[in-house]
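What follows is the residue order along each chain.
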Amino acid sequence: MRRYVLRVVSLAAALGLWQALTSLNIDLWLRFSQFPTVTDVARAFAARLSGPDYWTDLTDSLTRILTGFLLAAVLGVATGVLVARSRLAEDLLGPLLEVVRPIPAIALVPVAILLFPSNEQGIVFITFTAAFFPVLVSTRHAVRALTPTWEEAVRTMGGGRWRILGSVVLPGALPGVFGGLSVGIGVSWICVISAEMISGQYGVGYRTWQDYTVVDYPGVFVGMVTIGVLGWVTSTAVELLGRRLTRWLPRTAYVPGARPPRPARSIGSVWSARSVRSAKPAPDAPAAVSGGPGRPASEEARDEHLV
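Residues numbered from 1 in each chain as written. Predicted model: local features only at pLDDT ≥ 70, side-chain atom pairs only at ≥ 80, totals over all residues. Heavy atoms only, no water.

Examining the overall build of the protein
- Secondary structure assignment for the protein yields 13 helices and 0 strands.
- When the helices and strands of the protein are listed from N to C terminus, the series reads α-α-α-α-α-α-α-α-α-α-α-α-α.
- Here the protein, with 307 residues, has 32% of them falling under the buried criterion.
- Across the protein, the fraction of contacts at a sequence separation of at least 24, relative to all contacts at a separation of at least 6, is 68%.
- Put simply, the protein shows about 19,600 Å² of open surface, and 67% of that area lies on carbon and sulfur atoms. (Helix = DSSP H or I, 4+ residues; strand = E, 2+ residues; numbered from the N terminus. Buried < 20%, exposed > 50% of the residue type's maximum accessible area, 1.4 Å probe, protein only. Contact = heavy atoms within 4.5 Å. Areas by Shrake-Rupley, 256 points an atom, 1.4 Å probe, with all protein chains shown as cover.)

Here it is, written out as structure tokens:
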């Protein structure tokens, strides 16, 4: 509860600082007088929520993101496993993928406009391209990092290629795969908003750019807040799914919301505590441990609790 209170306090402090700087028209090096206040953005947000255009834009952006991201997840994992497991696939696809990978997805907007018959398909293509390469690279590295001992063990027990793929390769690469998916969903939001600003007709990015062109700065901040919340929700969903599918992994790293384990007490410390509690000489120790005469029941209960 204390950690959640700290998170709420930090968010409230950031909003309070924003409200103070903008309402007082602070102009030092940064010009906060040009910014809308928190109350202006809240009023614009409430007005948008009551209209149908906001929900239409939200639905269109989510549809584009989910379509492109799911395609990238399936094809990225399949291509990454294929390139990592097959030398022929690496020789045929590797050079092409490495040449295309450094090109920013937003730079492919002209290609999408020329290639696809509709802007909707072009925006989905941009979203797919943005998420495809992080998933591909993470999957490839995760598969190549697997220890060969597991594969040899499956082969020793008579397992074939598909058995190795289902029992060793895919489960072992899942942590790396979900790392790429977490990165890919964030990059997808960046690129889909940019693509909507350039060639879209509806969507959160398109509406944000339209507000900027008509100098509606509270509306611009409404779009920014919406993009941030949607990105946080989708990336959190991907991380929770990955944590659920990899429950068999030992959780040695920090996990938000989890209590740290209690440090285990050594055998020496337990027996030293017993020796301090017990006033009997060494020959009487076995009788005292077994609950013999002369040993109070409270001391025995305390010792058992200590162990």
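Digging into the packing of aromatic side chains
- Under the counting rule described, the total for this entry stands at 9 aromatic pairs.
- Ring plane angle 55 degrees and centroid distance 5.8 Å describe the contact between F45 and Y54, whose orientation is recorded as tilted.
- A relative accessible area of 21% places F45 in the partly exposed class.
- Its relative accessible area of 12% is what places Y54 among the buried residues. (Phe/Tyr/Trp six-rings, centres within 6.5 Å; stacked < 30°, edge-to-face > 60°.)

With respect to the nonpolar core
- With 48 residues, the main nonpolar core has I126, F132, L181 and W189 as its most contacted residues.
- Sorting the residues of this core by element identifies α2 (38–49), α3 (52–85), α5 (109–115), α6 (119–144), α8 (161–199) and α10 (217–245) as the ones contributing at least two each.
- At 13 residues, α8 tops the list of elements feeding residues into this core.
- Setting aside residues no more than four positions away along its own chain, W189 makes contact with S61, L62, I65, L230, G231 and T234. (Core = buried A, V, L, I, M, F, W, Y, C linked by side-chain atoms within 4.5 Å.)

Topic: the packing of α8 against helix α9 (residues 204–213)
- Contact geometry of α8 with α9 gives a least axis separation of 7 Å together with a crossing angle of 55 degrees. The orientation of α8 with respect to α9, classified from their angle, is oblique. Crossing geometry of α8 relative to α9 is assigned as right-handed. Every residue of α9 that contacts α8 at I193, E196 and M197 is listed here: V204, G205, Y206, T208 and W209.
- For the contact of α8 with α9, the per-class residue count stands at 5 nonpolar, 2 polar and 1 charged. (Axes fitted to C-alpha atoms, helices over the stretch in contact; angles between N-to-C directions. Parallel < 35°, antiparallel > 145°, perpendicular 65-115°, else oblique. Left-handed = near helix turned anticlockwise from the far one by under 90°. Nonpolar A, V, L, I, M, F, W, Y, C, P; charged D, E, K, R; others polar.)

Considering the packing of helix α1 (residues 2–23) against α2
- The contact between α1 and α2 brings their axes to 8 Å, and the two run at 105 degrees. Classified by the angle their axes make, α1 and α2 are roughly perpendicular. On α2, the residues touching L15, W18 and Q19 of α1 are V38, T39 and V41.

As for the confidence of the model for the protein
- In this model, the protein carries a mean pLDDT of 81, and residues with pLDDT of at least 70 account for 81%.
- Confidence drops under pLDDT 50 across residues 266–295; counting only partners more than four residues distant or on other chains, this segment forms 18 contacts.
- Below pLDDT 50 for its whole length, residues 299–307 participates in 13 contacts with residues either more than four positions away or in separate chains. (pLDDT = per-residue confidence, 0-100.)

Things to note about unusual backbone geometry
- With a phi angle near 55 degrees, N25 is a residue other than glycine that sits in the positive phi range.
- In the Ramachandran plot, V215 falls in the positive-phi region, its phi being about 60 degrees despite a non-glycine side chain.
- Along the polypeptide, V215 turns up in the loop between α9 and α10.

Some points on a nonpolar patch on the surface
- A cluster of nonpolar residues, M1, Y4, V5 and V9, forms a patch on the protein surface that exposes about 460 Å² of accessible area.
- With respect to the helices, strands and loops of the structure, M1 is situated in the segment before α1. (Patch = residues over 30% accessible without salt bridge, like charges linked within 9 Å, V, L, I, M, F, W, Y side chains within 5 Å. Salt bridge = Lys/Arg side-chain N within 4 Å of Asp/Glu carboxyl O.)

Description of the pattern of salt bridges
- Using the criterion set out here, one finds 11 salt bridges in the structure.
- A salt bridge links E120 to R64, with the shortest nitrogen-to-oxygen separation between them at 2.9 Å. Residue E120 is located in helix α6, and its partner R64 is located in helix α3; the two are separated by 56 residues in the primary sequence.
- Its relative accessible area of 3% is what places R64 among the buried residues.

Thoughts on the side chain of E196
- Residue position: E196 is located in helix α8.
- E196 gets classed as buried once you look at its relative accessible area, which sits at 0%.
- Polar side-chain contacts of E196 include one of 3.4 Å to the backbone nitrogen of V204.
- Discounting residues that sit within four places of it in the chain, E196 has contacts with S61, R64, I123, Y202, G203, V204, G205 and Y206. (Polar contact = N/O pair within 3.5 Å; in protein donor to acceptor, adjacent residues only side chain to side chain.)

As for the side chain of T208
- With respect to the helices and strands, the residue T208 is situated in helix α9.
- Reaching out from T208, the side chain makes a polar contact with the backbone oxygen of V204 at a distance of 2.7 Å.
- Contact partners of T208, with chain neighbours within four places excluded, come to M197, V220, G223 and I227.

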